[in-house]
Number of protein chains: 2
Amino acid sequence: MPKTRQQNQNSLYLSPVITIVIISILSPLSLAAQPSKFRRAPRFVGKLPHLTEPPQRQQRQQQQQYRYETRYFEQRLDHFSFADLPTFSQRYLINTDHWVGPNRLGPIFLYCGNEGDIEWFAVNSGFVWDIAPRFGAMLVFPEHRYYGESMPYGSREVAYQNATTLSYLTAEQALADFAVFITNLKQNLSAEASPVVLFGGSYGGMLAAWMRLKYPHIAIGALASSAPILQFEDIVPPETFYNIVSSDFKRESASCFNTIKESWGELVSVGQKENGLLELTKTFHLCRTEDLADWLESAYSYLAMVDYPYPSDFMMPLPGYPIREVCKKIDNAPDATSILERIFEGVSVYYNYTGNVDCFQLDDDPHGLDGWNWQACTEMVMPMSSSRDKSMFPAYDYNYSSFKEECWNDFNVIPRPRWITTEFGGHDIKSVLKLFGSNIIFSNGLLDPWSGGSVLQNLSETIVALVTEEGAHHLDLRPSTNEDPDWLKKQRETEIKLIEGWIDNYYRGKKATFNM
Amino acid sequence: MPKTRQQNQNSLYLSPVITIVIISILSPLSLAAQPSKFRRAPRFVGKLPHLTEPPQRQQRQQQQQYRYETRYFEQRLDHFSFADLPTFSQRYLINTDHWVGPNRLGPIFLYCGNEGDIEWFAVNSGFVWDIAPRFGAMLVFPEHRYYGESMPYGSREVAYQNATTLSYLTAEQALADFAVFITNLKQNLSAEASPVVLFGGSYGGMLAAWMRLKYPHIAIGALASSAPILQFEDIVPPETFYNIVSSDFKRESASCFNTIKESWGELVSVGQKENGLLELTKTFHLCRTEDLADWLESAYSYLAMVDYPYPSDFMMPLPGYPIREVCKKIDNAPDATSILERIFEGVSVYYNYTGNVDCFQLDDDPHGLDGWNWQACTEMVMPMSSSRDKSMFPAYDYNYSSFKEECWNDFNVIPRPRWITTEFGGHDIKSVLKLFGSNIIFSNGLLDPWSGGSVLQNLSETIVALVTEEGAHHLDLRPSTNEDPDWLKKQRETEIKLIEGWIDNYYRGKKATFNM
């Protein structure tokens, strides 16, 4: 039985949360119904459906593996003004099974909820569950405002109604939510002296790093996994992301890279022929004509993010090193196979590894009022280009004006492209943090296209980078498995040692104070 | 000719910005017309008139001494949301006479404008003017939103209309104003690589310290003079402030302390007699019946703040060590002089040192919609008590409930007494900042009643406390004079050395990066 669209979206939802779409550059190729769509600039788009509940299968898994209580905490909508706004209910998950309690200053591990349902992040962050017993730690997972159940104005419908209701969906407000939440929780538990350690992956990793920098009195350290805090303005070249995706394919097979690079022209040629759209629909087994280029581009980018060394089911059920499998299909098709047929065979590894899908129904609303789309159109302005030489995608130069125009059309909002670096820094980060701040781990896998916008060098003795050649998007935060390669085990052991160091240091400081 | 009320207010305006009023405890004594007023709880009140222009005399002085250009910068009203609000024009003063320019990475000294007209702070922060040539530094003085000319909604009248229009008057917004402003200014001057050093006194010192902690990428260090960042919640005992005021009097004369301590009861007795109010009005040369206890209390607190070692004209024209002079008047009156007459003679040193005032017209609207009153009723909740033994003021225990009620009555706003420590920290500051942050000087004079809520110990190698036994409220920020005692010269030299160290270190880092 073919999956329904809803199910497909559920799976997509389980994706690494940050993705990107090149649309306008592919405009001649696009197959969607509204031609206006194709004039849009590329933008940073979380193409994630906004479901509040994780898929059934995931829920079952989670109930087996991880137990937590679900609670709610009342938050101000705007922490930084006294405007008379309604409060909202922030959901959080909590597990105290291994906590040694306030008297023994039991640590609190706080996962910085990012742009999605917190239950899904909780069950996909096995690392913190794995290490909690060793640390005698409590686990808390506060949900990010405007995601999952943590909806201002009482419902998603109202919260996402327009720019006014959405206007409090910002990273600074989310960080303040965490700060107020954990301060309150600790007080209620008489655990004011318990050290808090932050965890987060992707945008959640950015939040964890920023939170440690902005709220050092609240958390003693942060593990920021795959956190592209430098993917702003001109800090890293805008080609970085797509160059890495492309090199992930190239390292598996130069011919695979070339086939994909050629395929875009081929898509245009075929699309422009008489009955060309129909032909493409058939070749790609689409249920109806769709935004094909976008769909392909998404697949490649996600594949690069989840190019994990063992089979996983993070976004889609996939084999280990899935790019290798995709390229095998593309390269090893019989000689007579056309470029586009090869492409179809390749991406089927991503979209249909289980073979259950008869025809593909692509996302028909990539620019809907999605939370991450809003964030991308306001604060999270990450310039993205596609280079002429190193990228397998069609060349494209980032154009802020059209990006801005698109955001205005979508949300009636004007982006603030320089705000994130003003508020959180980023330029010249090594000089700035060499003598400021402490206790942050930036972990990255170099296969992850987001690694290019992250911190890959130690910034000081205690703000360190852990880089794995073969790692992908926040692989270290996933649960340990029997198939973990040694370098991954080693990475996690280093992380544990560093966190132990932070906590020991904190305890020593407390002891010194008591003895004073 | 007697001074007009307006002139008197002008002078008061030149006060150290933070003061406090005990009203309800003195309720039987109060002489004001509306009896409802006296049921109010004590609160943290900036009793400063809201004039936008400094007094004529000051203006003349400033034109002689300090030259600056006045400019304006457009700011968002809410940096942390995308609500569609009007922008406002932030005033700033700038002097580039000594700046060595962007190519030589000339430093930028930024004074964090606090709760008043920025021109007044600029001309009363002689220290930064004095040292600018030595550093080849530019000076900028951005004004704090909702003060001086930097009014949201186009006018003070609208900005101060109600809780909704006032709601963006918060410290976090002000810090973000500074961050956006300086980032923009540096870009316009191609001076992105110029180091910024922050300065501030009193609340401005709090802003400077917090800014260095929250925006290390924007400023390399901060001189936070008389910044009571620990005067929140239970971090320091609530009696601290009045105990210090009182001990400032006691150290000059125990009998002076005792006379003042006795005077409150005497005020009550006299006030309750038939024609008692009239008698008090006569004794204190009031133009009409007024809130006398409040007026006296203000005088004592301000005197403690400006107990400078040489004659000054900061708030009022005053002799050096003015408390000594006040106590002389109180102690040395002829034997037959009554307690209240002695008190009158004493406070006349403060209110009428020049002898020009015939009768006193006290502030008749201490709870008006003043900016600092708003801040005190929202974020800047600083609990204040008056102890039974060590204080010369009537005993009083801080009562949050009545404080809250009063804020509700005054502003229709509910305070957030735990917000400042959640946002900026404060508890356990030594542990938190021992291994986090750098380059902050907390300078304090122990005569200053605000020193009790400030940082008086080194927190780390680079977050240091400079404490002077004989100093008062941000004395170090005042211009050097021929009468400066050695300890003050030494303090300033240490500050200069530390700032030089920050800048040298920054340049070394830059050089290392260039050579890489």
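Residues numbered from 1 in each chain as written. Chains lettered and ligands numbered in written order. Predicted model: local features only at pLDDT ≥ 70, side-chain atom pairs only at ≥ 80, totals over all residues. Heavy atoms only, no water.

Visitor: Is there a simple way to explain the overall build of chain A in this structure?
Guide: Helix and strand content of chain A: 19 helices and eight strands. A buried classification covers 65% of the 516 residues belonging to chain A. Of all intrachain contacts in chain A linking residues separated by at least 6 positions in sequence, the fraction that spans at least 24 positions is 75%. (Helix = DSSP H or I, 4+ residues; strand = E, 2+ residues; numbered from the N terminus. Buried < 20%, exposed > 50% of the residue type's maximum accessible area, 1.4 Å probe, protein only. Contact = heavy atoms within 4.5 Å.)

Visitor: Before we go on, may I ask you to explain the confidence of the model for chain A in this structure?
Guide: Predicted coordinates in areas of low pLDDT are best not read in detail. Residue and element names in this part refer to chain A. Averaged over every residue, the pLDDT of chain A is 85; the share at 70 or more is 84%. Overall, residues 1-63 carries pLDDT values under 50, and its contacts beyond four positions in sequence, including any with other chains, amount to 198 contacts. Taken as a whole, residues 364-368 scores under 50 in pLDDT and shows 18 contacts with residues more than four places along the chain or in a different chain. Complex prediction metrics read pTM 0.89 and ipTM 0.88. (pLDDT = per-residue confidence, 0-100.)

Visitor: How should I be thinking about the sheet that holds strand β8 (residues 463-468) of chain B in this particular structure?
Guide: Residues and elements named next belong to chain B. One open sheet holds the eight strands; their spatial order is β1-β2-β4-β3-β5-β6-β7-β8, and the pairing between them is mixed. Each edge of the open sheet is held by one strand with a lone partner, namely β1 (69-75) and β8. The average angle at which neighbouring strand axes cross in this sheet is 20°, direction not considered. Two elements, strand β7 (residues 440-445) and β8, share six bridges in a ladder whose sense is parallel. Following the sheet pairing, Ser443 is matched in β8 by Leu466. Across the sheet, helix α7 (residues 171-188) is in contact with β1, β2 (88-95), β3 (108-111), β4 (138-142) and β5 (196-201); its angle to β2 comes to roughly 55°. (Pairing = 2+ DSSP bridges. Axes fitted to C-alpha atoms, helices over the stretch in contact; angles between N-to-C directions.)

Visitor: What's the story with the side chain of B:Ser454 in this structure? I'm lost.
Guide: Residues and elements named next belong to chain B. By the element assignment, Ser454 lies in the loop between β7 and β8. Assessed through its relative accessible area of 5%, Ser454 is described here as buried. There is a polar contact of 2.8 Å between the side chain of Ser454 and the side chain of Asn444. Residues within four places of Ser454 in sequence aside, it is in contact with Ala227, Pro228, Ile229, Leu230, Phe442 and Asn444. (Polar contact = N/O pair within 3.5 Å; in protein donor to acceptor, adjacent residues only side chain to side chain.)

Visitor: Sorry if this is basic, but what is going on with the side chain of A:Asn114 here?
Guide: All names here are of chain A. In this fold, Asn114 is placed in the loop between β3 (108-111) and α3 (118-123). The exposure class of Asn114 is buried, given its relative accessible area of 1%. Within the structure, the side chain of Asn114 is placed 2.9 Å from the side chain of Tyr111, a separation counted as a polar contact. Within polar-contact distance, the side chain of Asn114 engages the side chain of Glu115 at 3.4 Å.

Visitor: In this structure, what is going on with unusual backbone geometry? I would like to understand it.
Guide: Trans is the prevailing form of peptide bonds, just as negative phi is the prevailing case for residues other than glycine. Despite not being glycine, A:Glu233 has its phi angle at roughly 45°, a positive value. Residue position: A:Glu233 is located in the loop between β6 (221-225) and α9 (240-252). Its identity as a non-glycine residue notwithstanding, B:His474 has a phi of 30°, on the positive side. Relative to the assigned elements, B:His474 resides in the loop between β8 and α19 (486-515). The exposure class assigned to B:His474 is buried, which follows from its relative accessible area of 9%.

Visitor: Is there a simple way to explain the relation of the copies chain B and chain A in this structure?
Guide: The second copy of the chain is related to the first by a rotation about an axis and a shift along the axis. Each copy superposes on the other: chain B lies on chain A with an RMSD of 0.0 Å after a rotation of 180° and an axial shift of 0.0 Å. Given the turn and translation reported, the copies of this chain are related as if by a two-fold rotation axis. The overlap is high: 100% of the interface residues of chain B also sit at the interface in chain A, so the same surface is used on both sides. (Least-squares fit on C-alpha atoms with pLDDT ≥ 70 in both.)

Visitor: I keep staring at the sheet that holds strand β2 (residues 88-95) of chain A and nothing clicks. Help me out?
Guide: Within a sheet, each strand pairs with its neighbour through backbone hydrogen bonds, oriented either parallel or antiparallel. All names here are of chain A. In space, the eight strands of this open sheet follow the order β1-β2-β4-β3-β5-β6-β7-β8, with mixed pairing throughout. Only two strands of the sheet have a single partner each, and these edge strands are β1 (69-75) and β8 (463-468). The mean inter-strand angle of the sheet, taken between neighbouring strand axes irrespective of direction, is 20°. Strands in contact with helix α7 (residues 171-188) are β1, β2, β3, β4 (138-142) and β5 (196-201); relative to β2, the strand with the most contacts, it is inclined by about 55°. Sitting on the sheet, helix α8 (residues 203-214) touches β5, β6 and β7 (440-445), and the angle it makes with β5 is about 150°.

Visitor: Please explain the state of the cysteines as it appears in this structure.
Guide: Here, disulfide denotes a covalent bond that connects the sulfur atoms of two cysteines. All names here are of chain A. Evaluated as defined, the whole model comprises four disulfides over all chains. Disulfide pairing is shown between Cys256 and Cys327; the S-S distance is 2.0 Å. Negative torsions about the S-S bond denote left-handed disulfides, and the value of about -70° found for Cys256 with Cys327 makes this one left-handed. Pair noted here: Cys256 is in helix α10 (residues 254-272) and Cys327 is in helix α13 (residues 322-332), with a separation of 71 residues, a long-range link. Overall, the relative accessible area of 0% leaves Cys256 in the buried class. On the basis of relative accessible area, Cys327 is assigned to the buried category, the value being 2%. (Disulfide = S-S within 2.5 Å.)

Visitor: Could you clarify how one ought to interpret the interface of chain B and chain A in this entry?
Guide: It is common to give the size of an interface as the accessible area that goes away when the parts come together. Contacts between the two partners involve 50 residues from chain B, matched on the other side by 50 residues from chain A. Summing the contributions of chain B and of chain A, the shared interface buries around 4,000 Å²; its carbon and sulfur component is 58%. Of all residues in chain B, the largest losses of buried area upon contact with chain A belong to B:Phe80, B:Phe82 and B:Phe436, amounting jointly to 21% of the total for that side. Here chain B is connected to chain A by two salt bridges. With its nearest N and O atoms 2.6 Å apart, the salt bridge here joins A:Asp428 to B:Lys510. At the surface where chain B touches chain A, the tally comes to 22 residue pairs in polar contact (both at pLDDT 80 or more). At the level of secondary structure, the elements contributing two or more residues to the side of chain B that touches chain A comprise α7, α8 (203-214), α15 (371-378), α17 (419-424), α18 (429-434) and α19 of chain B. With eight residues, the single largest contributor to the side of chain B that touches chain A is α7(B). (Buried area = accessible area lost by both parts, 1.4 Å probe. Salt bridge = Lys/Arg side-chain N within 4 Å of Asp/Glu carboxyl O.)

Visitor: Can you help me understand the packing of aromatic side chains in this one?
Guide: Given two aromatic rings, their pairing is described by the distance between the two centres and the angle made by the two planes. Residue and element names in this part refer to chain A. According to the stated counting rule, one finds 65 aromatic pairs over all chains in the structure shown. On the numbers, 4.2 Å between centres and 5° between planes, the contact of Trp295 with Tyr351 is stacked. Here Trp295, found in helix α12 (residues 292-305), pairs with Tyr351, found in helix α14 (residues 339-351); they are 56 residues apart in sequence, far enough to count as distant. Residue Tyr351 is classed as buried on the basis of its relative accessible area, which comes to 12%. (Phe/Tyr/Trp six-rings, centres within 6.5 Å; stacked < 30°, edge-to-face > 60°.)

Visitor: How should I be thinking about the packing of helix α10 (residues 254-272) of chain B against helix α11 (residues 276-283) of chain B in this particular structure?
Guide: Residue and element names in this part refer to chain B. Two numbers describe how α10 lies on α11: the axes approach to 6 Å, and their chain directions differ by 125°. Compared by their axis directions, α10 and α11 come out oblique. For the pair α10 and α11, contact is made by Leu267, Val270 and Gly271 and by Gly276, Leu277, Glu279 and Leu280, respectively. (Parallel < 35°, antiparallel > 145°, perpendicular 65-115°, else oblique.)

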